[in-house]
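# Topology and contacts: notes
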Amino acid sequence: MIGSEELEPVLSAMREAMGLDAERTKAVFLTIALFAHGCASIIANNRLEYDEAVISKHLERAYCGGAL
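So, a few notes on the structure that sits alongside this text. (Residues numbered from 1 in each chain as written. Predicted model: local features only at pLDDT ≥ 70, side-chain atom pairs only at ≥ 80, totals over all residues. Heavy atoms only, no water.)

## Details of the environment of A44
Inspection of the secondary structure puts A44 in helix α2 (residues 22-44). Residues A44 and E23, spaced 21 residues apart in sequence, show a C-alpha to C-alpha distance of 31 Å. (Helix = DSSP H or I, 4+ residues; strand = E, 2+ residues; numbered from the N terminus.)

Printed below as a string of structure tokens:
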């Protein structure tokens with residue numbers, strides 16, 4: 001997934017927005033993707049109540065490296 005050609009526009013936009021090199025951008029993307037998948041899985045299994053504001057804040061923290 002992380003090396004797919006289809007993902008390059010997303011990684012490029014992230015790289016520009018964050019000012020990171022390609023490898024660091026891929027690492028950040030992978031962290032966010034794994035986190036989002038984990039949230040979706042936990043919500044789908046009724047172990048977490050969906051709260052858009054809470055999940056959004058956590059995704060933002062993951063995007064910023066926990067700096068929020």
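The rest of the description comes next.
## Quick look at unusual backbone geometry
Here the phi dihedral of N46 falls at roughly 55°; this positive angle occurs in a residue that is not glycine. Topologically, N46 is positioned in the loop between α2 and α3 (52-63). On the basis of relative accessibility, which here comes to 67%, the residue N46 falls in the exposed class. (Buried < 20%, exposed > 50% of the residue type's maximum accessible area, 1.4 Å probe, protein only.)

## Notes on the environment of A36
Turning to its location among the elements, A36 is positioned in helix α2. With 13 residues separating them along the chain, A36 and E49 place their C-alpha atoms 14 Å apart.

## Considering α2
Over its 23 residues, α2 extends 32 Å from the first C-alpha to the last, a length consistent with the 33 Å expected when each residue adds 1.5 Å. Within α2 the residues assigned to the buried category are T25, V28, F29, I32 and C39. (Expected span 1.5 Å × (residues − 1).)

## Focus: the nonpolar core
Formed by L7, L11, M14, V28, F29, I32 and A62, the largest nonpolar core amounts to seven residues. Where this core is concerned, the elements lending two or more residues are α1 (8-18) and α2. The dominant element in this core, judged by the number of residues it contributes, is α2, at three residues. Aside from chain neighbours lying at most four places away, what touches M14 is G19, T25, V28, F29, I32 and Y63. (Core = buried A, V, L, I, M, F, W, Y, C linked by side-chain atoms within 4.5 Å. Contact = heavy atoms within 4.5 Å.)

## A few points about the packing of α1 against α2
Where α1 contacts α2, the two axes come as close as 9 Å, and the packing angle between them is 110°. Classed by the angle they form, the pair α1 and α2 counts as roughly perpendicular. On the side of α1, the interface is formed by V10, L11, M14, R15 and M18, while α2 contributes A22, T25, K26, V28, F29 and I32. Along the lines of polarity and charge, the residues of the contact of α1 with α2 split into eight nonpolar, one polar and two charged. (Axes fitted to C-alpha atoms, helices over the stretch in contact; angles between N-to-C directions. Parallel < 35°, antiparallel > 145°, perpendicular 65-115°, else oblique. Nonpolar A, V, L, I, M, F, W, Y, C, P; charged D, E, K, R; others polar.)

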